[in-house]
Amino acid sequence: MREMMHTEFRKRFLEGATHQFFAPGRINLIGEHVDYNGGHVFPAAITFGTYMLVRKRDDRMCRFYSINFESQGVIETSIDRLTYREEDGWANYPKAMLHYLMSHGVITEGVDCLYYGNIPNGAGLSSSASIELVSGYAFNELYAFGLSPLELVKLGQRAENEYIGVNSGIMDQFAIGMGMKDHAMLLDCETLECEYAPFKLDGLSIVIMNTNKRRELADSKYNERRNECERALLNLQRELEITALCELDVETFEDHRHLLQDDTLYRRARHAVTENARTLEALEALKGNEIERFGRLMNDSHRSLDKDYEVTGKELNTLVEAAWENHAIGARMTGAGFGGCAISLVKQESVDRFIEKVQSTYLKTIGYEATFYVASIGPGVHEIIEQVKGETG
Ligand code: GLA
């Protein structure tokens, strides 16, 4: 694949790339829709992700090409015109990162960039945050802006929020920027304190199940959920001194139920509060090697996202329920929902049979196939050094 990328780079940009980078996608084991409510999340970087080849130019042009979006061709701009343009499509992600990085130093030369990603787009595995972080990391190295990994993570979130206009939390960028091989990360989204927990489960595999459903309106529904949580918080603040929903434990929350007359707002807030508690409990379960308990918490998380938060839908429910019926240790949707992917923990020896069974139920119920991947937990964004020397030298 990398050889093909180098060939493509020369074809598009006439000269060879000088550097190569990789940023993963992510799964979230548990802790969904709580990052923007000041809660705890438990994501992990996966070995699928985005590869980027890059070379500095000697003029002020910037050119972006993605093998995944071949039909869009090479997207061109200059370092003096990095503002958002709808017609630039996916290239707005690297443009955003360079745009914000430029306030950390003066640059006089543009770049040629080529991307290839093996994370399915729009599947809720954070392909966009992966492009943001691989680009931010690459530009930071290339131009020596000197930002720390955490600053790049925050810049990625800013790109998403302010430049792209999706009001997402920090989980995706954090998992991708700070991931560690064979470790999940319990992240407190209020303080950004992170505890790495080994997640290599003997005899178990993580199976990613992609609904292949187009995530139409996902961004607007996501923003709508955020807005509902903000309204619930305002109501609770009439009697409680809190700044985020996840500061509440379940008991205190239920004691103040009278502040949430609107049933929808009550259920949205209940999801946030109970999900945060489940996530903390999941870390305990993992530390105690109680994997069945971990699985049950994943299942409860899915139910809450279905009934209280209403972000699952028929496709995700079909996959997750079929996984439960076929002896998954735990299964739930992962990411924003509204389509996208679910994950399940499955005994290694029964993975093939599991996939076959779940696929058959899905096809019968939904009418088209799901896609399955067995995931490994890999490192966060990094430069790939040896391969570039070997292949371009
Ligand atoms: C998306 C967002 C994250 C997070 C999840 C839901 O992936 O980008 O910030 O809110 O949805 O947990």
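Structure: above.
In this convention, every chain numbers its residues from 1, walking through the sequence in written order. Selection of residues for local features in this predicted model requires a pLDDT of at least 70, selection of side-chain atom pairs for listing and counting requires 80 or more, and totals for whole chains, interfaces and linings are taken over all residues. Remark: hydrogens and water are excluded; side-chain values derive from all non-hydrogen atoms of the structure.

### Structural notes on unusual backbone geometry
Working step 1: Here A144, not a glycine, exhibits a phi torsion of approximately 50 degrees, which is positive.
Working step 2: With respect to the secondary-structure elements, A144 resides in the loop between α3 (127–142) and α4 (149–164).
Working step 3: Its identity as a non-glycine residue notwithstanding, H327 has a phi of 65 degrees, on the positive side.
Working step 4: For helices the rule is a DSSP run of H or I covering at least 4 residues; for strands it is a run of E covering at least 2, with both sets numbered from the N terminus onward. Its location among the elements puts H327 in the loop between α10 (313–325) and β10 (330–334).

### Details of the packing of helix α2 (residues 92–101) against α3
Working step 1: Throughout, an axis means a line fitted to C-alpha atoms (over the contacting stretch in the case of helices), and angles, computed between N-to-C directions, take values from 0 to 180 degrees. Axis separation between α2 and α3 bottoms out at 8 Å; the angle between their running directions is 40 degrees. One way to sum up the angle between α2 and α3 is to call them oblique. Crossing of α2 over α3 shows right-handed handedness. Across from Y93, P94, M97, L98 and L101 in α2, the residues of α3 making contact are S128, I131, E132, S135, G136, F139 and N140. Just so you know how the angles are binned, under 35 degrees is roughly parallel, over 145 roughly antiparallel, 65 to 115 roughly perpendicular, and the rest oblique. For a crossing to be left-handed, the near helix must be turned anticlockwise from the far one by less than a right angle; the clockwise case is right-handed. By definition in these notes, contact holds between two residues if any of their heavy atoms fall within 4.5 Å.

### Considerations on the pairing of strand β1 (residues 19–28)
Working step 1: Of all the ten residues making up β1, nine are buried; the element is thus mostly covered by neighbouring parts of the structure.
Working step 2: Bridge analysis of β1 against strand β3 (residues 43–56) gives nine bridges, and the strand direction is antiparallel. Its bridge partner being in β3, H19 is matched across the sheet by V54.
Working step 3: Strands are labelled as partners when DSSP assigns at least two bridges between them. Across two bridges, β1 lies against strand β13 (residues 382–383) in antiparallel orientation. What sits directly across from F21, in β13, is E383. Relative accessible area decides the class of each residue, using a 1.4 Å probe on protein chains only: under 20% of the type maximum gives buried, over 50% gives exposed, and in between gives partly exposed.

Interpretation note: all reported values are geometric properties and have no functional meaning in isolation.
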